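For reference, the chains in residue letters:
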Amino acid sequence: MNIANIGVGFILVLGVLILVHEWGHFIVARFFGVRVDVFSIGFGPRLFGWKRGATDYRVSAIPLGGYVRMAGQDPSEIDSNDQAAKSKTESRRATASSL
C-alpha cells in the first residue's frame, strides 16, 4: 500500500461518514416539518448540485465537512412560514440541529 491509496481511502471513508451524519440532520428536520434550504457535502463555493423542491443539494469545494441549512436558522432571516425552524418547539429544533 502506498501513501496515495491510504489518502484516497481516508477521503472516501470521511466522505461517507459526513454524508451519513448530515443525512441524519436532514431526515430529522424533514420529519419535524422543517424546510431544508441547503444540503451540502463540503464547504465553500458550490462545485455542482441540483435543486429538488425547496432543497438545494450540493457538493462544495472543501471536502472537510458538510452542513444542512434549515429555514429560520438564521435570526436575521425573515420567514413567517410554518416550515421555519424557529416556528417549532425548542426540543424539536434541538433534536434536528444536534443529532
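Residues numbered from 1 in each chain as written. Predicted model: local features only at pLDDT ≥ 70, side-chain atom pairs only at ≥ 80, totals over all residues. Heavy atoms only, no water.

### Regarding the overall build of the chain
Here comes step 1: What the chain contains, in helices and strands, is two helices and two strands.
Here comes step 2: In sequence order, the secondary structure elements of the chain are arranged as α-β-β-α.
Here comes step 3: Expressed as a percentage of the 99 residues in the chain, the buried residues total 31%.
Here comes step 4: In the form shown here, the chain has an accessible surface area of approximately 6,600 Å², with 66% of it arising from carbon and sulfur atoms. (Helix = DSSP H or I, 4+ residues; strand = E, 2+ residues; numbered from the N terminus. Buried < 20%, exposed > 50% of the residue type's maximum accessible area, 1.4 Å probe, protein only. Areas by Shrake-Rupley, 256 points an atom, 1.4 Å probe, with all protein chains shown as cover.)

### Comments concerning the environment of Phe-26
Here comes step 1: Turning to its location among the elements, Phe-26 is positioned in helix 1 (residues 3-31).
Here comes step 2: Overall, Phe-26 belongs to the buried group, its relative accessible area being 6%.
Here comes step 3: Residues Phe-26 and Arg-69, 43 residues apart in the sequence, show an inter-C-alpha distance of 8.9 Å.
Here comes step 4: Residues within four places of Phe-26 in sequence aside, it is in contact with Val-36, Phe-39, Thr-55, Tyr-57 and Val-68. (Contact = heavy atoms within 4.5 Å.)

### Some remarks on the pattern of salt bridges
Here comes step 1: Under the definition given, this model contains three salt bridges.
Here comes step 2: The partner of Arg-35 in a salt bridge is Asp-37, with the nearest N and O atoms 2.9 Å apart.
Here comes step 3: Close ionic contact of Arg-58 with Asp-56 constitutes a salt bridge, the shortest N to O distance being 2.6 Å.
Here comes step 4: Overall, Arg-58 belongs to the buried group, its relative accessible area being 17%.
Here comes step 5: A network of salt bridges, in which partner residues are shared, links Arg-46, Asp-56 and Arg-58. (Salt bridge = Lys/Arg side-chain N within 4 Å of Asp/Glu carboxyl O.)

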